[in-house]
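# Observations on the model geometry
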Amino acid sequence: MPHSRPTLRQFLLKEYRTHGTEKDLVFLLEDIATACRVISSRIRNGSFAGNLGSAGSTNVQGETQKQLDVIANEEFESHCRNCSRVAALVSEEVDEVTWIKDKPAVGDYIVYFDPLDGSSNLDVNLSVGSIFSIVQLKEAIDPSDDRSVLLPGTEQICAGYSIYGPATSLVITTGFGVHGFTNHLGTGEFRLVSPDMIIPEDTNEFAINASRHSFWDQPIQRYFDECVSGPEGPRGKSFNMRWTASMVLDIHRILTRGGVFLYPVDSANSAAGGKLRLLYEANPMGYLMEQAGGLASTGRGRILDVVPTSSHQRVSVILGSKNEVTRIEEYFRD
Ligand code: AHG
Ligand code: MN
Ligand code: MN
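Residues numbered from 1 in each chain as written. Chains lettered and ligands numbered in written order. Predicted model: local features only at pLDDT ≥ 70, side-chain atom pairs only at ≥ 80, totals over all residues. Heavy atoms only, no water.

A word on the overall build of the protein. If you tally the helices and strands in the protein, you get 8 helices and 17 strands. The contacts in the protein between residues at least 6 apart in sequence include a share of 65% that link residues at least 24 apart. Carbon and sulfur atoms make up 49% of the accessible area of the protein, which amounts to about 13900 Å² in all. Measuring between centres, the 31 positive side-chain charges of the protein sit 5 Å from its 42 negative side-chain charges. (Helix = DSSP H or I, 4+ residues; strand = E, 2+ residues; numbered from the N terminus. Contact = heavy atoms within 4.5 Å. Areas by Shrake-Rupley, 256 points an atom, 1.4 Å probe, with all protein chains shown as cover. Lys, Arg positive; Asp, Glu negative; His and termini not counted. Charge placed at Lys NZ, Arg CZ, Asp CG, Glu CD.)

Structure below.
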């Protein structure tokens, strides 16, 4: 019965009482949850509203925007604007920083988000999601300079994602573990279904786009080749492979049953610095992974320690079960 499970508000108010989570952060998370609920319904009704397909525009990364990328961005932005402590927004779909406050002060929030992740899945009716990261300012910053938002992932106070799949779910951390909620059809409430999600340290499942094998660096090729060589190979066991083309979905599976996710820099994407974006894909997912007992690495160091140099910067991403990520880092050192 859904009523036996705490609502998102009940859960967040408990975090407020136990951990001192700020009331404004509670309000912001509720607004983000509303945005996700609205995006979910816009996606489900996309065919009827004529919202599937390209928007006929490209974003700063040179990617063709889907109509629903644009719609999801508008919903995310308008709901984040409800919170009086949000100083700026950084979205995958918007080239410049969206400044909301003239004088961003200590304690204000910056929200980084990927409004629709895996949007190539939309036209074939596969699941997609949204990703967000929240940083709290430790000092006043200058809104005339977009570089003011370039803060490392260690500054995050909250991160999460929503999945628009068979169920609409919301998974968050405020620095006290990772907790999963599902949207209950009927009441519209997000209710806690997966408290304290923990990633198993070992796994026999990996996620990588194997069509890029010829472009990979040697450590990634070695790791993959060992995983697919079966019980007779150096790993002495069989591995399973999954790739959904939506980071949110692959990460959710890993949070649920373990695994490792790789989107490394390779010879075909190195000019861009990799594929996935640091501020609104790698950092929030890295924070969630660490909070759930996993690791998030570039292969050569912790993702959260990377000091950003631009808003849409890309980074090499290897994250998931601790012992696999550690092994891959060792291969890079070799
Ligand atoms: P987005 O739809 O926000 O641009 O992100 C897509 C990303 C990520 O979600 C996924 O893991 C990866 O791109 C898929 O890349 P390939 O198409 O190379 O498999
Ligand atoms: Mn994405
Ligand atoms: Mn996206």
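Next comes the rest of the description.
Around the manganese ion (ligand 3), the protein contributes the donor atoms E92 (OE), D114 (OD) and L116 (O), at 2.1 to 2.2 Å from the metal centre. When the donor residues of the manganese ion (ligand 3) are listed from N- to C-terminus, their spacing reads E-x21-D-x1-L. The distance between the manganese ion (ligand 3) and the manganese ion (ligand 2) comes to 3.7 Å, with D114 serving as a donor to both metals. Residue E92 is located in the loop between β3 (86-91) and β4 (98-99), and its partner L116 is located in strand β5 (residues 109-117); the two are separated by 24 residues in the primary sequence. There is no split in this pair, since E92 and L116 are both buried. (Donors = N, O, S within 2.8 Å, 3.2 Å for Na, K, Ca; no water. Buried < 20%, exposed > 50% of the residue type's maximum accessible area, 1.4 Å probe, protein only.)

Turning to the pairing of strand β9 (residues 179-183), a few remarks are in order. Along β9, 4 of the 5 residues are buried, which leaves the element largely enclosed by surrounding structure. Here strand β8 (residues 168-173) pairs with β9 via 4 bridges, running antiparallel. Across the sheet, the residue bridging to L170 is F181, located in β9. Hairpin connection of β8 to β9: 5 residues between the antiparallel strands, including G175 at a positive phi of 95°. (Pairing = 2+ DSSP bridges.)

With that settled, the discussion passes to the sheet that holds strand β7 (residues 156-164). Whether parallel or antiparallel, the strands of a sheet pair through hydrogen bonds between backbone atoms. Strand order in the open sheet formed by 8 strands is β4-β3-β5-β6-β7-β8-β9-β10, and the pairing between neighbours is mixed. Whereas interior strands pair on both sides, the edge strands pair on one side only; in this sheet they are β4 and β10 (190-194). As paired strands, β3 and β4 are joined by 2 bridges and run antiparallel to one another. In the strand pairing of β4, L89 is matched with T98. Of the strands in this sheet, β5, β6 (128-136), β7 and β8 touch helix α6 (residues 247-257), which is tilted by about 105° from β7. Across the sheet, helix α7 (residues 278-291) lies against β3, β5, β6, β7 and β8, angled at about 100° from β7, the strand it touches most. (Axes fitted to C-alpha atoms, helices over the stretch in contact; angles between N-to-C directions.)

Inspection of the secondary structure puts Q313 in the loop between β15 (295-297) and β16 (314-315). A distance of 2.6 Å separates the side chain of Q313 from the backbone nitrogen of T309, its partner in a polar contact. Residue contacts for Q313: discarding those within four places in its chain leaves L276, R277, L278, V306, V307 and P308. (Polar contact = N/O pair within 3.5 Å; in protein donor to acceptor, adjacent residues only side chain to side chain.)

Six octahedrally arranged donors around a metal ideally form angles of 90 or 180 degrees; four tetrahedrally arranged donors ideally form angles of 109.5 degrees. Bound to the manganese ion (ligand 2) on the protein side are D114 (OD), D117 (OD) and E281 (OE), at distances that span 1.9 to 2.2 Å. Read N to C, the donor residues that coordinate the manganese ion (ligand 2) are spaced as D-x2-D-x163-E. Among the residues examined, D114 registers a relative accessible area of 0% and is labelled buried. Of the residues examined, E281 reaches a relative accessible area of 1% and is grouped as buried.

We now examine unusual backbone geometry. Even without a glycine there, the phi angle at N125 is positive, about 55°. Take N125: it is sitting in the loop between β5 and β6. Even without being glycine, D196 reaches a positive phi, approximately 50°. If you trace the backbone, D196 turns up in the loop between β10 and β11 (205-207).

Bringing the packing of aromatic side chains into the picture now. Any two aromatic rings considered together are summarised by their centre-to-centre distance and by the angle between their planes. Enumeration according to the criterion identifies 9 aromatic pairs in this entry. When the ring of F76 is compared with that of F132, the centres are 6.4 Å apart and the planes differ by 45°; the resulting orientation is tilted. Here F132 lies in strand β6 and F76 lies in helix α4 (residues 67-80), a separation of 56 residues in the sequence. Taken as a pair, F76 and F132 share a single burial class, namely buried. An aromatic cluster is defined as three or more aromatic residues linked by ring pairs; in this entry it consists of F206, W216, F224 and F239. (Phe/Tyr/Trp six-rings, centres within 6.5 Å; stacked < 30°, edge-to-face > 60°.)

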